[in-house]
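# Topology and contacts: notes
Residues per chain are reported as follows:
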Amino acid sequence: PVLRAPLALCVLDPADDPVPGDFHTRDLFRETYGALMAKTHPMARQTDNLIKLHPSEFKQYPQLVATYPSGRQTQVDDVLARLGQKSSSSQMAVPYFLAAPWLLEATDFLMLCPQRAAQALAEHPAMTWRGLASKACDFTYRMVWHERAHKDAGLTWLRELILKTNDYLVRR
């Protein structure tokens, strides 16, 4: 992502891109991927979510993939392709994770998404999730703010609140 001076505060994922020298950063947490699927999905019956599955086990099923902004364009977050496991099935793209339970509910589609999102969305009564055995696509969420906002009292309070909340959630 391109960062410009009007930016006061944002949270980036992934946080692997360098930021300009007049920005401050703070890593929040590392994230891995999980697979969200309907409880009726064939993979949901194979194991419980404590056993992590190899990415090659997912490629035979159609994928629901998220899109994300990249400059003025949108890119597909194709996790299987980044893991060298190009899906042999079709894909459907959505701009938000939150739509996934209703799109996956009565299908054999699955969605590889950040594990915390998979766990939260699996609270939907028709959904479950499985862990991904590979750590190759793990990433860090990072908070970024401009030097101009570094000493702003309101934004300092907001950053501290985000850090406290993050620390609490990571320890749970």
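Model, not experiment: these values are computed from the prediction.

## Concerning the nonpolar core
- Within the largest apolar cluster, 22 residues are counted, with the highest numbers of intra-cluster contacts made by Met-37, Met-43, Phe-58, Leu-110 and Leu-112.
- Among the secondary structure elements, those contributing two or more residues to this core are β2 (23-31), β3 (33-38), α1 (79-82), β7 (110-114) and β9 (139-146).
- Here the element with the most residues in this core is β9; it accounts for four residues.
- Excluding anything up to four places from it in sequence, Leu-112 contacts Tyr-33, Gly-34, Ala-35, Phe-58, Gln-63, Leu-64, Val-79, Leu-80 and Leu-132.
- Core analysis: the second largest hydrophobic core is formed by 17 residues, Ala-66, Leu-104, Cys-113 and Leu-121 among them.

## Structural notes on the pairing of β9
- Among the eight residues of β9, eight are classified as buried, and the element is accordingly described as predominantly covered.
- Residues Phe-139, Tyr-141, Met-143 and Trp-145 line one face of β9 and the alternating positions Thr-140, Arg-142, Val-144 and His-146 line the opposite face, and both faces are buried.
- Examined bridge by bridge, β2 and β9 share eight bridges and lie antiparallel to one another. Bridging from a neighbouring strand, Asp-27 pairs with Arg-142 of β9.

What counts, and at which threshold
- Residues numbered from 1 in each chain as written.
- Predicted model: local features only at pLDDT ≥ 70, side-chain atom pairs only at ≥ 80, totals over all residues.
- Heavy atoms only, no water.
- Core = buried A, V, L, I, M, F, W, Y, C linked by side-chain atoms within 4.5 Å.
- Buried < 20%, exposed > 50% of the residue type's maximum accessible area, 1.4 Å probe, protein only.
- Helix = DSSP H or I, 4+ residues; strand = E, 2+ residues; numbered from the N terminus.
- Contact = heavy atoms within 4.5 Å.
- Pairing = 2+ DSSP bridges.

The values are spatial; any link to function lies outside them.
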